Amino acid sequence: MQVRKNNYTVNMTPTMQVLTENQIEAIYYAALAVLSETGVRVYDKEGWDLAHQGGAVVEDVQADSALVKMPSWMVDKARATLPQRIRVIGTPDGDGKRKYNMDLYKNTMYFGTGSDTPFTIDPYTQVRRRATYKDVRNLAKLAEALPNVDFFMSLGITQDTAVGTYDRWQYLAMLEATNKPINITAVDIEGLKDQLEMAYIRLGGKEEWKKAPCFSLYNEPVSPLSHSEEVIQKLLFCADNDIPIVYTPCPLAGATAPATLAGLMVQALTESLFGIVLSQLRKPGCQVIIGGLMSAMDMQTAVYPYGSPEMALLSAGYTEITKWMRVPEYETAGCSDAKCFDEQACMEAAINISTAAMIGGNMIHDIGYIEQGLCSSPHMLVASDEIISRTKRILRGIPVNADTQALDVLDQVGPGGHFLGHDHTYNRFKTENWRSALTDRQVYADWETSGCKDYQQRVQERMVEILEADAAPLLEPKMYQELRRICELADARHKDEELDVQMFV
Amino acid sequence: MSEILVQLSEAIIDGNVEDIVDLTEEALDDGIPAQEVLNKGLMAGMDHVGAEFKAGNMFVPEVLRSAKAMQASMDLLRPILAEAGVKHTGKLLLGTVKGDLHDIGKNLVGMMAEGAGFEVKDLGKDITPDQFVSAIKEYQPDVIGMSALLTTTMRVMGHTIKALEEAGLRDRVKVIVGGAPVTQEFANQIGADGYAPNAASAAELARKLVS
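Residues numbered from 1 in each chain as written. Chains lettered and ligands numbered in written order. Predicted model: local features only at pLDDT ≥ 70, side-chain atom pairs only at ≥ 80, totals over all residues. Heavy atoms only, no water.

Concerning the overall build of chain B
Step number 1: Across its full length, chain B holds 9 helices and 5 strands.
Step number 2: Tracing chain B from N to C terminus, the helices and strands come up as α-α-α-α-β-α-β-α-β-α-β-α-β-α.
Step number 3: By the compact-globule yardstick of 17 Å for 211 residues, chain B fits well, its C-alpha radius of gyration being 18 Å.
Step number 4: With respect to the three principal axes, the spread of C-alpha positions in chain B is 55 × 40 × 25 Å.
Step number 5: Within chain B, the fraction of its 211 residues that count as buried is 50%.
Step number 6: By element, 49% of the accessible surface of chain B is carried by carbon and sulfur atoms, the whole surface being about 9,300 Å².
Step number 7: Side-chain charges in chain B split into 19 positive and 31 negative, and the spacing between the mean points of these groups amounts to 10 Å. (Helix = DSSP H or I, 4+ residues; strand = E, 2+ residues; numbered from the N terminus. Rg over C-alpha atoms; globule rule 2.2 N^0.38 Å. Buried < 20%, exposed > 50% of the residue type's maximum accessible area, 1.4 Å probe, protein only. Areas by Shrake-Rupley, 256 points an atom, 1.4 Å probe, with all protein chains shown as cover. Lys, Arg positive; Asp, Glu negative; His and termini not counted. Charge placed at Lys NZ, Arg CZ, Asp CG, Glu CD.)

The structure is reproduced here in structure tokens:
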């Protein structure tokens, strides 16, 4: 019997395996070697000073950066205080309860969207265009309604707001329509501070945040092996303020990482280990989620493929490494390189979601991405919710025991009988069999009578139905005004930085 | 056409970095003018590479190997061409704008442009508008190419163009922009001369702008 994983089934879950334990260890110790012998470049003096005080060798100090080499004992020491479990709980409903609990540790699994795409597909015209505040709010409303979306990332940049302060507006748009945990992005430290202030207001105080934060921060070092000033400053701020950090590089095999997938994983782990060590030097117990988006460059188009089998495979392999390390993980699935919600989009999402589920990633993001992460699709979001649901049925496995083997039922019905009218069927069919309103299984004539609707049409209808459903506002007018004021104050502080041209919309 | 020019052309197509220098020397020793070596040997090869890449028969690492072979040969030809007063394709100045450390796309543009015959000066990443301005004064490029991956840093492209205008340099260079979130529309808005969606077309665009 398996005793591994997953928050909705305790055992007997079907699993897959990419790496053996020996392979995981080989990658881990290789990453330690890279961190101590090749080192990483740090573009922040406070960052390299902190590493130096903690025992790192700092070499080749330039005006803007330094090479930091960390002996392996620093990683051992950091891992001793690195949390194995991190909770992010959403914002309160009208009754004051925070019901969406994301409890990240080795055997749990949560799905969520991706953030900050420049483009989105209009839900009605289905035309690709720049994303706006309203789009982010709409997509958050969809995520709030979809039962298999556990956390939210913006799925669009609010490009009808100022470029230097859009992050606050984007957060407000999300808070307007979802109470689920959010993985935010921040333009800079000031943007992060403002959003933390908004979260305190939304939760009703800093004490509530201390019980459990309602957001984590997406923070991305630049591959290969570079950590920008902005990224380091965000990491330090998060450590100081108990904000969970998603420290996630996006290496690209053959371009910003070795062409071999194992080499890429060594590099990605080195990048994350540096973040782990620095975070624990700043504040032992600092909450770090590692992982990322990993893929191999398409050598025809030079793009970053999100729907490739290598992406799914790397993501799965990396998940095994993080489970072995017992550090919460950020995985990738539900995304595609297709330019619209078509067969390719569904195929790629179905394969990478089921791979992520079978391996059992913790915080699986990028549901709803198409066009290599440059565009979000509300259709893809709705379809992926169904794919996740379908996959969860497979994960429930086939319990085999005296009851489920149903020998007594077989004996009662006997040769030549049927089971349709049996109590056993009546009592079990709903839990044994997966069903979805989106998947069509009608006979041809009935399908014809019901309008010959293909999957795209059914998804479109479901999406519009959710978008147009009446929903009580999640923010009271006074709360909305308080949050909005922080956005407006930020705009006022930054009004001189914008260009004269209307940048985006 | 001379056999040696065909061999040069094939060496470019095969990305034969090892033999290209000897072949170039041999061609020059045979008395073939440098300009002819360039046009009928190297560029003939690169044109073939470009066409095969477009058709999906050659891939980025292969194209870059061809560009590398081209550069190795150009190192020999450049001084001779300069002495003869032959104008090179052009000078391209590249940089990822201030606040952005993402440079893989920009590097790719640089390698592709070298393959197209450009002399490329790459300023690197996190380049301020002022750094672009002084680099333009120093290197006198025909084209500058700016790159950004983030929507927050995209606007620095606009700031840089403004800085060029203020420094009175805008008319002296063509400006091209690129990066994942950048579009033609955005390039128009900030007053760039061109936008390319990928590295190969960026090199092509630069070539068009200087011809």
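What about the interface of chain B and chain A?
Step number 1: Each partner contributes to the interface: chain B provides 24 residues, whereas chain A provides 28 residues.
Step number 2: Of the roughly 2,300 Å² buried at the junction of chain B and chain A (both faces included), carbon and sulfur atoms supply 64%.
Step number 3: Looking only at chain B, the three residues that lose the most surface to chain A are Leu101, Thr151 and Arg155 of chain B, adding up to 27% of its buried area.
Step number 4: On inspection of chain B and its partner chain A, the count reaches 0 salt bridges.
Step number 5: Connecting chain B to chain A are 4 residue pairs in polar contact (both at pLDDT 80 or more).
Step number 6: Contributions of two or more residues to the side of chain B that touches chain A are made by α4 (60-83), α5 (104-115), α7 (151-166) and α8 (184-190) of chain B.
Step number 7: Its residues assigned to classes, the side of chain B that touches chain A shows 13 nonpolar, 8 polar and 3 charged. (Contact = heavy atoms within 4.5 Å. Buried area = accessible area lost by both parts, 1.4 Å probe. Salt bridge = Lys/Arg side-chain N within 4 Å of Asp/Glu carboxyl O. Polar contact = N/O pair within 3.5 Å; in protein donor to acceptor, adjacent residues only side chain to side chain. Nonpolar A, V, L, I, M, F, W, Y, C, P; charged D, E, K, R; others polar.)

Digging into the sheet that holds strand β5 (residues 194-195) of chain B
Residue and element names in this part refer to chain B.
Step number 1: Pairing within the open sheet is parallel, and its 5 strands lie in the order β2-β1-β3-β4-β5. Every interior strand has two partners, whereas the edge strands, β2 (119-122) and β5, have only one.
Step number 2: Here strand β3 (residues 143-147) runs beside strand β4 (residues 174-178); their pairing, made up of 5 bridges, is parallel. Of the residues in β4, the one forming a bridge with Ile144 is Val175.
Step number 3: Set on the sheet, α5 makes contact with β1 (91-96), β2 and β3; between it and β1 the angle comes to about 170°.
Step number 4: Here helix α9 (residues 199-210) sits on the sheet and contacts β3, β4 and β5; the angle it forms with β4, its principal contact strand, is near 165°. (Pairing = 2+ DSSP bridges. Axes fitted to C-alpha atoms, helices over the stretch in contact; angles between N-to-C directions.)

Regarding empty space enclosed by the protein
Residues and elements named next belong to chain A.
Step number 1: The final tally for this structure, using the stated rule, is 3 cavities of 30 Å³ or more.
Step number 2: Roughly 50 Å³ of volume is contained in the largest cavity.
Step number 3: Along its surface, the largest cavity is lined by Tyr105, Lys106, Thr319, Thr322, Lys323, Arg326, Val327, Pro328, Glu329, Gly360, Gly361 and Asn362.
Step number 4: The element contributing the most residues to the lining of the largest cavity is helix α10 (residues 309-325), with 3 residues.
Step number 5: For the lining of the largest cavity, a count of residues per class yields 3 nonpolar, 5 polar and 4 charged.
Step number 6: A volume near 40 Å³ is recorded for the second largest cavity. (1 Å grid on protein atoms, 1.4 Å probe; cavity = no way out; pocket = protein on both sides within 12 Å on 5 of 7 lines; lining within 4 Å. Points joined across faces, edges and corners; volume = space filled by probe spheres on them.)

A word on the packing of aromatic side chains
Residue and element names in this part refer to chain A.
Step number 1: A full pass over the atoms with the stated rule returns 10 aromatic pairs over all chains.
Step number 2: Measuring from ring centre to ring centre gives 6.1 Å for Tyr200 and Trp209, while their planes differ by 80°; the resulting arrangement is edge-to-face.
Step number 3: Accessibility expressed as a relative area gives 12% for Tyr200, which makes it buried.
Step number 4: Taken together through their ring pairs, the aromatic side chains of Tyr171, Tyr200, Trp209 and Phe215 make up a single cluster.
Step number 5: Above the face of the Phe119 ring, Arg128 is positioned so that its terminal group lies 3.7 Å from the ring centre. (Phe/Tyr/Trp six-rings, centres within 6.5 Å; stacked < 30°, edge-to-face > 60°. Lys NZ or Arg CZ within 6 Å of the ring centre and 35° of its normal.)

A short note on the environment of Cys452 of chain A
Residues and elements named next belong to chain A.
Step number 1: Among the structural elements, Cys452 can be located in the loop between α16 (444-449) and α17 (455-468).
Step number 2: Separated by 119 residues in the primary sequence, Cys452 and Ala333 place their C-alpha atoms 30 Å from one another.
Step number 3: For Cys452, the contacting residues outside a window of four places in its chain are Trp447 and Gln457.

Here we look at the environment of Thr152 of chain B
Step number 1: The residue Thr152 of chain B is located in helix α7 in this model.
Step number 2: The class of Thr152 of chain B is buried, set by a relative accessible area of 16%.
Step number 3: Taking the C-alpha atoms as reference points, Thr152 of chain B and Asp100 of chain B, 52 residues apart in sequence, are found 9.0 Å from one another.
Step number 4: The residues contacting Thr152 of chain B, other than those within four sequence positions of it, are Val163, Tyr166 and Val187 of chain A.

Quick notes on the state of the cysteines
Step number 1: In the structure shown here, the tally under the stated rule is 0 disulfides over all chains.
Step number 2: Between Cys250 of chain A, a free cysteine, and Cys335 of chain A, which holds the nearest cysteine sulfur, the sulfur-to-sulfur gap is 11 Å. (Disulfide = S-S within 2.5 Å.)

Here we look at the domain arrangement of chain A
Step number 1: On domain assignment, one finds that chain A holds domain 1 (82-253 + 284-397 + 434-505) and domain 2 (402-432).
Step number 2: Taking only C-alpha atoms into account, the centre of domain 1 of chain A sits 43 Å from that of domain 2 of chain A. (Domains from an automatic or database assignment.)

Some details on the sheet that holds strand β7 (residues 119-121) of chain A
Residues and elements named next belong to chain A.
Step number 1: On the basis of which strands lie adjacent, the open sheet formed by 4 strands has the order β8-β7-β19-β18 and mixed pairing. Across the chains shown, the open sheet's two edge strands, defined by having one partner strand only, are β8 (128-130) and β18 (369-370).
Step number 2: Where β18 lies against strand β19 (residues 375-376), 2 bridges are found, and the strand directions are antiparallel. Pairing of Tyr369 across the sheet is with Ser376, part of β19.

As for the nonpolar core
Step number 1: Judged by nonpolar contacts, the single largest core of 166 residues is most densely connected at Tyr171, Phe215, Leu269, Leu273 and Phe274 of chain A.
Step number 2: With 10 residues, helix α9 (residues 261-282) of chain A is the largest single contributor of residues to this core.
Step number 3: If we ignore the near neighbours within four places in the chain, the residues touching Phe274 of chain A are Leu35, Val40, Val42, Val68, Met70, His227, Ile232 and Tyr247 of chain A.
Step number 4: Val133, Val156, Leu169 and Ala192 of chain B belong to the second-largest nonpolar core, a separate cluster that totals 26 residues. (Core = buried A, V, L, I, M, F, W, Y, C linked by side-chain atoms within 4.5 Å.)

Here's the deal with α10 of chain A
Step number 1: The end-to-end C-alpha distance of α10 of chain A is 25 Å, a good match for the 24 Å that 17 residues give at a rise of 1.5 Å each.
Step number 2: Counting buried positions along α10 of chain A yields 13 of 17 residues, so the element is predominantly enclosed. (Expected span 1.5 Å × (residues − 1).)

Here we look at the pairing of strand β14 (residues 288-291) of chain A
Residue and element names in this part refer to chain A.
Step number 1: Burial along β14 is two-sided: Val288 and Ile290 and Ile289 and Gly291, pointing in opposite directions, are all buried.
Step number 2: Across 3 bridges, strand β12 (residues 245-247) lies against β14 in parallel orientation. Residue pairing across strands places Ile245 opposite Val288, the latter belonging to β14.
Step number 3: Bridge count for β14 against strand β16 (residues 329-332) is 2 bridges, and the pairing is parallel. By the bridge assignment, Gly291 is partnered in β16 with Tyr330.

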